[in-house]
Amino acid sequence: MANVIKLSKGLDINLKGKAAAEVIAAKPSKVYGLVPDAFYGVKPKVVVKEGDTVKAGDALFVDKLHPEVKFASPVSGKVTLVERGERRKVLSIQVEADASQQYADFGTGVPADGKAVVETLLASGLFGYLMQRPYAVTACPEDTPKGIFVSAFSDMPLAADFEFVVKGQEADFQTGIDALSKVAKVYLGVKPGSALEGTKNAEVTVFKGKCPAGNVGVQINHISPVNKGETVWTLGAEEVIFVGRLFNTGKVDLTRMYAVAGSEVKAPKYVKALVGAKIGDLTDAVGVNTEKTVRVIDGNPLTGMKSSTDSFVGAHTTEVTVIPEGADTHELFGWISPRLNEFSVSRSYFSWLLPKKEYTLDARVKGGHRHMIFSGEYDSVFPMDIYPEQLAKAIIAGDIDRMEALGIYEVAPEDFAVAEFVDSSKVELQRIVREGLDMLRKENA
C-alpha cells in the first residue's frame, strides 16, 4: 500500500480554459527546432552542419563539458538552420522533416544493469531530459544519485492531467520505471485515487494537498531531502514514457500530448505533437481568440516562458497556454473596487466566497515593486520544510553560507511560483532563486 503524505499549505488557482479530455493531432510542422536553452546548465556544442541529413534520434548537439551527453533530433530530415544570437549563442537547431520518418535503432529490451541503461540513454539523447538537485540543472552522468524522483501529476493552473495522458501508454510508462530502477531507487509521487498506485519497481507516495503538491521538489523534501554532497535525479512523467518507448521499440519517439489551454483558446484540449514542433501548429489546432491582445506561454501561467506562435515548443513543456495580455484593459478605481470576477488570496475581493469559480486572469503585474516584507505570505503557500522569505533574502544578499543553511540545495525556481503569485511586493522570486542556484553552482565548481 502506498504511503500518504498530507500537505496543509498551498493554493489552488482555478483558471478558465482547462483542456478537455479529448485528443487531436496537430498538423505536422514543416520544420522542427531543438532549443538548447530548454536544457538548463548545458553548454551546447553543435555536431551537425546545415545541409546534413539526420535520423530521429541522431544527435544535433552535445554538452561541451560532458560530450557523452547528446541531444537528439525529434525527426528525420535535413538540417536547415543553426540559429545563433549574440556572441554566437546557439538559439535553435532546425530540421526540415522528411515525409517518411527514419529512426536510429538503439535495440529493444531493458538492459540487466544500470550502467548499460545509462549508456543507452546517453547514446539515444534521452539522458539530457534528466534533471538533478541540487542546482536544478541537466543531470551529470558522472554522478551517482541516491534516488530518481518522478511526479505523476501537476496541480499548477491549466497543467496537463497525466492520468489522462498515460491512458493507453501504461506499458511504456512501466518499462520506463523498470529501466530507471536499474540505475537508482525510483520514487513516484501520485495524487489520491491515481491508477498509477500499483506501479511496480518504484516506491509510490500519495500526496494530498493544494498546489504545489505536484512539484517534484515538494515531494523530494517530504520523502528524502537533499543534503550538501548528495544528488538526486528527476524526470518528468511523460519523459518516463519516452524512456519506455526507447526500450520497447528501440526508437526515439518524442511524441507528447500537450494541454493547449487558457481563456483565449477557443476549444481547449490535448494536442498530439512532437517535441520541437512550432507552437503555432498547436494553437492552430484548437483556435485562439484574435479579438484582443494575448500572451502565448510555453508552459503553464506560473512557471512557463513568454513565447510566440513562431517559436518551437520546449523540450520539457507539457502545456501551451494563451491568456489575455491585459495591456488594453483600463479599470476605474483599479484594485480598490470590490468585485466577484477577480481572484485574490486576500479578502479585498469576494473570490474567497466562490472557491470553485474559474477566473480569467491576464498577464498584468497589478502593482509596483516594493521592498520584501516578512509578512508570512510565502510561508502560507510553501509546503516545504524551508523558510522561503529568509532564503530569498539570503540569495539577494549573496550570503552563500546562509543559503546553504536555509536549504537552497533542495529547491528549484518552480517551487517558488505560487509564493511569487501571492507576493504583494511583486518580487521576482523565481528569477532570484535561479540566480542563487547559479551562484552556488559556480562557487562549488
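Residues numbered from 1 in each chain as written. Predicted model: local features only at pLDDT ≥ 70, side-chain atom pairs only at ≥ 80, totals over all residues. Heavy atoms only, no water.

1. A few points about the sheet that holds strand β4 (residues 44-46)
Moving on, step 1. If you trace the 3 strands from one edge of the open sheet to the other, you get β4-β6-β7, paired in antiparallel fashion. What marks the edges here is a single partner per strand, and that holds for β4 and β7 (70-72). Going across the sheet, the axis of each strand differs from the next one's by a mean of 30 degrees, ignoring polarity.
Moving on, step 2. Across 3 bridges, strand β6 (residues 59-63) lies against β7 in antiparallel orientation. (Pairing = 2+ DSSP bridges. Helix = DSSP H or I, 4+ residues; strand = E, 2+ residues; numbered from the N terminus. Axes fitted to C-alpha atoms, helices over the stretch in contact; angles between N-to-C directions.)

2. Notes on the packing of helix α1 (residues 114-124) against helix α5 (residues 237-249)
Moving on, step 1. Their axes nearest at 12 Å, the elements α1 and α5 cross at an angle of 100 degrees. Between α1 and α5, the crossing angle belongs to the class labelled roughly perpendicular. Each of V117, T120, L121 and S124 in α1 lies in contact with α5, whose residues at this interface are V243, L246 and F247. (Parallel < 35°, antiparallel > 145°, perpendicular 65-115°, else oblique. Contact = heavy atoms within 4.5 Å.)

3. Let's talk about the pattern of salt bridges
Moving on, step 1. Using the criterion set out here, one finds 17 salt bridges in the structure.
Moving on, step 2. With its nearest N and O atoms 3.3 Å apart, the salt bridge here joins D415 to R133. Taken together, the positions of D415 in the loop between α9 (400-405) and α10 (417-422) and R133 in strand β10 (residues 131-133) put the pair 282 residues apart, joining distant regions of the chain.
Moving on, step 3. Given the relative accessible area of 2%, D415 is considered buried.
Moving on, step 4. Assessed through its relative accessible area of 4%, R133 is described here as buried.
Moving on, step 5. Its salt-bridge partner being E325, residue R295 comes within 2.6 Å of it at the nearest N-O pair. (Salt bridge = Lys/Arg side-chain N within 4 Å of Asp/Glu carboxyl O. Buried < 20%, exposed > 50% of the residue type's maximum accessible area, 1.4 Å probe, protein only.)

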